[in-house]
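Understanding the architecture of this molecule
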Amino acid sequence: MDLLLVRDISWTLENIKGKRFWVNFGLSALVLWTLLFSVRGYWDKHRRFAVGLLIICAVVYFAQSAYFGIYRKFVTVFDFRFFAGDPLMTAALWLEHGERVRPILIALLASTLLWWVMRQPASPRRWLRWSKGGVGGVTFLLVTLNWYGTPHFQIAPIAYAGNLIGAVEFNYNRDAYPPKPDLVYRESALPDAPSMVMVIGESLNVNHMQIYGYPRETTPNLVRLEREGKVVALRNAVSIGPRTLCSVPYMMTGLQGIDPHGVIYSVPTLFNYAKSAGYGTALITAQDFQWRNVDKIFVDQDLDHFAQGTHFSSNVSVSVGADDRAVLDKGVRPWLQEQRDVNAPFMLVMQMSGSHTPFASQVPAAMKQFLPEADVNSINAYDNTVWYTDYVLNELLAAVRAQAPDAWIFYSSDHGEHVTGKGGAFHGDFMEEVTHNALLVFPPVSALDTIKTKVDAPVSQADIFATMLELMQVEPVMAIDGISLLGEIPSDRLRIVTAFMKTLHNDPRAALIFPDRSLYEIDFERRNVRLADGKTVIPYATLDAEYRDLFERRLKPQEGRE
């Protein structure tokens, strides 16, 4: 019933091979079975409670099947919050776009089946009923609270209950976060406000990109676009952090540098600023954005649309997200189409699965250019991910330009990657292939010359945020670390790459990057500094005060909260 009536056969065939689907569907089916076992006999012994369960069952199956009929997914935490904010609008949208008869029939069928189960005699062994109820409760908590739990692939009532609890928990935990400053919201965007897209790549090594000098044709589209004057590749950019969780969140808040006390939780996000400027906002990611609750930083009242990897694939894991082209075709393109009917510019953040290990799993077989792939992490396998990123970026550019010809598009990978051809390497250090990052700007023709002057400037990923705020004509209400690419970038600028951030696990190390990308590596636990020669180590206390000040402002809570 759940797979063929509430959902449909095409959805089931598309997702049934995914490991994540089977884990979630199987565990949620176990929860439902224990629930049904426990309510046998309720119709005779607990009539009022049983009637209440029938009503809840009908409401849940009606809501899930009606919602799936429109959006091909179940009700989410985001949708519960939307409903609570304006239930009449939700009803009006369903009456305008939704199916009417089918959800009602499914609700009646589900309630009838539940009524039949509750009329069956209860097990005479109380301990058996209690034990099965306990197993069901524990399993429900597992599929609800674990980051691997995905309501999109669960049995309808279990998914509904989990997301309802998630919505309550989300709002409750919001109060535990530091308050953000109030923003002034415009009634509408300014007449000349451009649409904007930030694309966040994954584990892209700049040394394997043809546009940055790699001899292989891994980025033929970008090379062509550069020749046509449609993209500028900035050559002296560094990442904010060497890991995803210490770069991606900070790219969307404009911060750079150590953050052991979590300043990030108290600053407005890119979506907050964009909404205050009258923009339509969206975050569409190929990855699982629930990992370590990163979604709770960004998914709030100012994010109009949110879709993550599990909406596009039933096999998403920490290492392998949804196919980037599928995310473009099933997520980004439909959303862009919707913006044609909206009288406002848009601001979209798209996060790719990109070049994460295992490299061979990131690219569909039919799209691979460099063969054979001797190993899942071979050079050929990696270069195929770079080629695929180039392909998807070119398709995205065309889609955005068709909708908004003067839109700005920015691309930067979260960090680089060690590509050895043997696998086993990672990206938690501060070596050049990890910290030196691609930063691509696709500006409108009128701004091309301005961006070209920044080709060799010492820039950072955080500068994308600052540039977008200037394009929105919005002033930050709290200090940010990025510098707009529309203005001057100091030639002696110092940048910081670090994992000493609360969004990960406060790894107490940082790299102070000089304009020529030489660096000092600071170990805050040992209180020492390794100088640019890679050999000389000095006490942190003897580091130049100018350099120490860049870290001290965030090392102490009273000074760190700007």
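Residues numbered from 1 in each chain as written. Predicted model: local features only at pLDDT ≥ 70, side-chain atom pairs only at ≥ 80, totals over all residues. Heavy atoms only, no water.

1. A few points about the side chain of Thr-269
Operational definition: Runs of E in the DSSP output that reach at least two residues are strands. Runs of H or I that reach at least four are helices, and both are numbered from the N terminus. Relative accessible area decides the class of each residue, using a 1.4 Å probe on protein chains only: under 20% of the type maximum gives buried, over 50% gives exposed, and in between gives partly exposed. Whether two residues touch is decided by their heavy atoms; if any such pair falls within 4.5 Å, the residues are in contact.
With respect to the helices, strands and loops of the structure, Thr-269 is situated in the loop between helix H12 (248–251) and helix H13 (270–276). Relative accessible area serves as the criterion here: at 0%, Thr-269 is assigned to the buried category. Residues in contact with Thr-269, not counting those within four places in the same chain, are Lys-180, Met-252, Thr-253, Ile-297, Phe-298 and Phe-465.

2. Some details on the environment of Pro-181
Here Pro-181 is to be found in the loop between helix H10 (156–174) and strand E1 (196–201). You can call Pro-181 partly exposed: its relative accessible area is 29%. In sequence terms Pro-181 and Pro-268 are 87 residues apart; their C-alpha atoms lie 7.3 Å from each other. When neighbours within four sequence positions are excluded, Pro-181 is seen to be in contact with Ser-266, Pro-268, Val-477 and Met-478.

3. A short note on helix H8 (residues 101–118)
Rules: In this analysis, the expected span of each helix is defined as 1.5 Å times one less than the number of residues it contains. Note that the arc is computed from the directions linking the helix axis to the C-beta atoms.
The end-to-end C-alpha distance of H8 is 26 Å, a good match for the 26 Å that 18 residues give at a rise of 1.5 Å each. Regarding H8, the residues found buried are Pro-103, Ile-106, Ala-107, Ala-110, Ser-111, Leu-114, Val-117 and Met-118. Here the buried residues of H8 occupy an arc of 130 degrees about the axis, which is enough to place them on one side. Residues of H8 that are exposed and point over 90 degrees away from its buried face: Val-101, Leu-105, Leu-108 and Trp-116. In this structure, the buried side of H8 is in contact with helix H1 (2–6), helix H3 (19–38), helix H4 (42–45) and helix H5 (47–71).

4. Things to note about the pattern of salt bridges
To keep things clear, this is the line we draw: Throughout this description, the term salt bridge denotes a Lys or Arg side-chain nitrogen within 4 Å of a carboxyl oxygen of Asp or Glu.
Considering all chains together, one arrives at 20 salt bridges under this definition. In this structure, Arg-7 engages Asp-2 in a salt bridge whose closest nitrogen and oxygen atoms are separated by 2.4 Å. In this pair, the class of Arg-7 matches that of Asp-2, namely buried. Residue Glu-521 is joined to Arg-509 by a salt bridge in which the shortest nitrogen-to-oxygen separation is 3.5 Å. Taken together, the residues span a long stretch of sequence, with Glu-521 in strand E11 (residues 519–523) and Arg-509 in strand E10 (residues 509–513) at a distance of 12 residues. Note on Arg-509: relative accessible area 19%, which makes it buried.

5. Some details on the environment of Arg-126
Following the sequence through the fold, Arg-126 ends up in helix H9 (residues 126–145). Remark: the alpha-carbon pair of Arg-126 and Ser-38, spanning 88 residues in sequence, is separated by 9.8 Å.

6. Here we look at the packing of aromatic side chains
Here is the rule we go by: Each aromatic pair joins two rings of Phe, Tyr and Trp (for Trp, the six-membered one) with centres within 6.5 Å, and gets the label stacked for planes under 30 degrees apart, edge-to-face for over 60, and tilted for any other angle.
Using the criterion set out here, one finds 25 aromatic pairs in the structure. Between the aromatic rings of Tyr-42 and Phe-49, the centroid separation amounts to 5.8 Å while the plane-to-plane angle is 55 degrees, which identifies the pairing as tilted. Here Tyr-273 and Phe-465 contribute two aromatic rings whose centre-to-centre distance is 6.0 Å and whose plane-to-plane angle is 75 degrees, an arrangement assigned as edge-to-face. Placement of Tyr-273 in helix H13 and of Phe-465 in helix H19 (residues 462–472) is noted, with a sequence separation of 192 residues between them. An aromatic cluster of three or more residues is present, and its members are Trp-11, Phe-21, Trp-22, Phe-25, Phe-68, Phe-74 and Phe-153.

7. Some details on a nonpolar patch on the surface
What counts, and what does not: Residues enter a patch when their relative accessible area is above 30% and they make no salt bridge; the linking distance is 9 Å between like charges and 5 Å between nonpolar side chains (Val, Leu, Ile, Met, Phe, Trp, Tyr). Note on areas: these come from Shrake-Rupley sampling with a 1.4 Å probe, and a residue is covered only by the protein chains present in the view.
A surface patch of nonpolar side chains, about 630 Å² in accessible area, is lined by Met-1, Leu-4, Leu-5, Ile-9, Leu-13, Leu-109 and Leu-113. Residue assignment for the nonpolar patch shows that the elements contributing at least two residues are H1, helix H2 (9–15) and H8. You can see Ile-9 is positioned in helix H2.

8. With respect to H19
Counting buried positions along H19 yields 10 of 11 residues, so the element is predominantly enclosed. Looking one or two places after H19, you find Gln-473, whose phi comes out positive at around 60 degrees.

9. Focus on the sheet that holds E10
Rules: A strand pair is defined by DSSP finding two or more bridges across the two strands. Each axis is a line fitted through C-alpha atoms, and for a helix only the stretch in contact is used; angles between axes span 0 to 180 degrees, taken between their N-to-C directions.
Reading across from one edge, E9-E10-E11-E12-E13 is the order of the 5 strands in this open sheet, with antiparallel pairing throughout. Both outer strands of the open sheet, strand E9 (495–498) and strand E13 (537–539), are each paired with one neighbouring strand and no more. Direction aside, neighbouring strands of the sheet carry axes that sit 25 degrees apart on average. Two strands pair when backbone bridges link them, and strand E12 (residues 528–530) and E13 are joined in this way by 3 bridges, in the antiparallel orientation. Considered in E13, the bridge of Val-529 is made with Ile-538. Along the sheet, helix H20 (residues 545–555) makes contact with E9, E10 and E11, crossing E10 at roughly 135 degrees.

10. So, the pairing of E10
The side chains of a regular strand alternate, residue by residue, between the two faces of the sheet. Most of E10 sits inside the fold, with 5 of its 5 residues counted as buried. Here E10 shows two buried faces, one formed by Arg-509, Ala-511 and Ile-513 and the other by Ala-510 and Leu-512. Alignment of E9 against E10, held across 4 bridges, turns out to be antiparallel. Across the sheet, residue Arg-495 finds its bridge partner in E10, namely Ile-513. The sheet contact formed by E10 and E11 spans 5 bridges and is antiparallel. The partner of Ala-511 across the bridge, within E11, is Glu-521. What sits between the antiparallel neighbours E10 and E11 is a turn of 5 residues, in which Arg-517 has the positive phi angle 70 degrees.

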